[in-house]
Amino acid sequence: MGFPKDFLWGAASAAYQIEGGYNEDGKGLSIWDALSDGHVLHGDNGNVSCDHYHHFREDVALMKQIGLKAYRFSVSWPRVMPEEGVINEKGLDFYRELVSELTAAGIRPLCTLYHWDLPLWMHEKGGWYSDEISHHFAVYAEAVVDALSDKVADWMTFNEGTSFLGEGYLHGTHPPYESSEYGSEEEADKIIRLSRNLLLCHGRAASVIRSRAVLPPSIGIATDSTLYMPDSESEEDIRSAVSRTFAGDVNHYLLNWWLDPIMNGTAHPRLEAVLREGEMDIIHQPLDFIGWNCYLANNYNDGPDGKPLTPCSGIPRTAMGWPVTPDALYWGVKFIYDRYRLPVMITENGVAIVDFVMDDGHVHDPQRIQFLKWYLRGLRRAVDEGVPVTGYMVWSILDNFEWAFGYEKRFGLIYVDYSTQERILKDSALWYSEVIRTNGSNF
Ligand code: GCO
């Protein structure tokens, strides 16, 4: 069977990770611009990054050269809304030009509204704790939809709620660098308050997109989450892995923590208890697809300390230290589809390895090629078994600012020399061209 003929082969990025231009043309500061100093490996920051703000035409030309069918990018909320209630047309112009360039190159633009760069002004008003945030987010969403929806049909409201709330508010590794004790009531309270606001932002933005978009929209959310793979293909192991994957609870907020309210209008009792009248209806908006970012899976069984095991010691790990688990895409899309019955898009999958330019001027990255092959074979198996998968986005199109790890970790199909802004297509980019050209029959 293989991949459907309109399958969206693409690559992804996020505004703060590639754009730079942190204070240009009226952009406001984000919490990353303002608060990350001293917290990032090697003292790195995103002020210039890949300078995609000035190099986007060249970057789109490279995407075209690779043959991408789709490109997933995010809009920077503070570039568009530098202050409360203020819309920065020049910021919107950047994205208007980007999507024009993409569509002219025959590349479908997939837009994420929030990929972690909260405006500083919103943070100062209480940020994710504030009851007002979803109203401000809806105003921002309106501005973006009005500016881009004549060319953008595919939308994601959020990228990875679990990660940014966890890293920023529980583990102290991302701005605003708050932490809480694992398993404490304080942590549970925070998760519930922050989750409610995030879900309301999602719901309000989804209805803004649905009601205002010019092109008929396809709306989703890019989730992350822990996936538990079965240790064997026995029914019992599969059942256990499924129940563990969807065992979202306070202090352990998995995929269904977000997707049950969004998709089914049901929530964990503690989350449900803080929702006011009518709020579940705001959250529970019809969606068109579920985006899933996947890098690895856990095994479903517990270790001796009662905590879930990651796959056994000694297996290969990426430059992030993450285990290489080729079957993750197979089980993940199956589990998600079985539970929610909506098409799935892989909105991120990729690997950081130690890339460098070799004597011949090329970046040879056979590990990345092998990694993508392994994971894609799993995805193809799921497609062959009838799971509707609409697309696959490699993380990432370019090497970029990997949050707390700065520029040390390279995930790109395209190598970036940060001192000259030179771009070099890695071997994996050339291999991925063939994947696209053959619609996934070359691995
Ligand atoms: C995330 C984000 C990306 C990361 C990528 C690699 O999942 O953290 O969506 O911004 O850069 O996942 O860690």
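Now for a description of the structure that goes with this document. (Residues numbered from 1 in each chain as written. Predicted model: local features only at pLDDT ≥ 70, side-chain atom pairs only at ≥ 80, totals over all residues. Heavy atoms only, no water.)

1. Some points on the site of the ligand
The immediate surroundings of the ligand are formed by 13 residues, with Gln17, Asn159, Glu160, Glu348 and Glu402 found nearest. With respect to the ligand, the side chain of Gln17 contributes an N or O atom lying 2.7 Å from an oxygen atom. Residue Tyr295 places a side-chain N or O atom 2.9 Å away from an oxygen atom belonging to the ligand. Coverage of the ligand by the protein chains reaches 94% of its 320 Å² of free accessible surface. Of the residues assigned to the shell around the ligand, the class counts are six nonpolar, four polar and three charged. (Near = heavy atom within 4 Å. Polar contact = N/O pair within 3.5 Å; in protein donor to acceptor, adjacent residues only side chain to side chain. Areas by Shrake-Rupley, 256 points an atom, 1.4 Å probe, with all protein chains shown as cover. Nonpolar A, V, L, I, M, F, W, Y, C, P; charged D, E, K, R; others polar.)

2. Concerning a nonpolar patch on the surface
Side chains of Val354, Phe356 and Met358 sit close together on the surface and give an oily, nonpolar patch of about 300 Å² of accessible area. For Met358, the position within the fold is in the loop between strand 9 (344-349) and helix 15 (366-384). Judged by relative accessible area, Met358 falls into the partly exposed class, the value being 31%. (Patch = residues over 30% accessible without salt bridge, like charges linked within 9 Å, V, L, I, M, F, W, Y side chains within 5 Å. Salt bridge = Lys/Arg side-chain N within 4 Å of Asp/Glu carboxyl O. Helix = DSSP H or I, 4+ residues; strand = E, 2+ residues; numbered from the N terminus. Buried < 20%, exposed > 50% of the residue type's maximum accessible area, 1.4 Å probe, protein only.)

3. What about the nonpolar core?
The biggest cluster of nonpolar side chains holds 140 residues, and the ones touching the most others in it are Trp128, Leu148, Tyr392 and Tyr432. The biggest single contributor to this core is helix 9 (residues 185-212), with 12 residues. Once residues lying within four places of it in the same chain are set aside, the contact partners of Trp128 are Tyr114, Leu118, Ile133, Phe158, Phe164, Leu165, Tyr169, Arg193, Leu194, Asn197, Leu198 and Cys201. By size, the runner-up hydrophobic cluster in this structure holds 15 residues, among which are Met156, Ala222, Ala352 and Met393. (Core = buried A, V, L, I, M, F, W, Y, C linked by side-chain atoms within 4.5 Å. Contact = heavy atoms within 4.5 Å.)

4. So, helix 10 (residues 235-245)
Burial in helix 10 covers these residues: Asp237, Ala241 and Thr245. Angular distribution of buried residues about the axis of helix 10 spans 65°; they occupy a single face of the element. In helix 10, the exposed positions angled more than 90 degrees off the buried face are occupied by Glu235, Glu236 and Arg239. (Arc of directions from axis to C-beta.)

5. Describing the pairing of strand 12 (residues 422-425)
With four bridges connecting them, strand 11 (residues 414-417) and strand 12 associate as antiparallel partners. Bridging from a neighbouring strand, Ile414 pairs with Leu425 of strand 12. Counting the residues that bridge the hairpin from strand 11 to strand 12 gives four residues, and of these Gln421 lies at a positive phi of roughly 65°. (Pairing = 2+ DSSP bridges.)

6. Concerning the sheet that holds strand 1 (residues 8-12)
Backbone-to-backbone hydrogen bonds pair the strands of a sheet. The strands run either parallel or antiparallel. Read around the closed barrel, eight strands run 1-2-3-4-5-7-9-10, paired in parallel fashion. Ignoring which end each strand starts from, the neighbouring axes of this sheet average 25° apart. The sheet strands contacting helix 5 (residues 89-104) are strand 2 (70-74) and strand 3 (108-114), and the helix crosses strand 2 at an angle near 170°. (Axes fitted to C-alpha atoms, helices over the stretch in contact; angles between N-to-C directions.)

7. What about the pairing of strand 10 (residues 389-395)?
Counting buried residues in strand 10 gives six out of seven residues, a clear majority hidden from the surface. Pairing analysis gives four bridges linking strand 9 to strand 10, with the strands arranged parallel. Bridge pairing in strand 10 places Val344 opposite Val389. Regarding topology, helix 15 serves as the crossover connection from strand 9 to the parallel strand 10, and that connection is right-handed. (Right-handed = clockwise from strand over helix to strand, strands pointing away.)

8. Regarding the side chain of Glu160
Positionally, Glu160 belongs in the loop between strand 4 (154-159) and helix 8 (161-170). Despite being buried, Glu160 has no salt bridge partner; Arg72 is the closest side chain of opposite charge, sitting 6.9 Å away. At a separation of 2.6 Å, a polar atom in the side chain of Glu160 contacts the side chain of Ser163. Once you skip the residues sitting within four places of it in the chain, Glu160 turns out to touch Trp116, Ala222, Thr223, Asp224, Asn293 and Glu348. (Lys, Arg positive; Asp, Glu negative; His and termini not counted.)

9. Re the side chain of Gln17
Looking at where Gln17 falls in the secondary structure, it is placed in helix 1 (residues 15-18). Within the structure, the side chain of Gln17 is placed 3.4 Å from the side chain of Asn400, a separation counted as a polar contact. Not counting residues up to four positions away in its chain, the partners in contact with Gln17 are Ser49, Cys50, His115, Trp395, Asn400, Phe401, Glu402 and Trp403.

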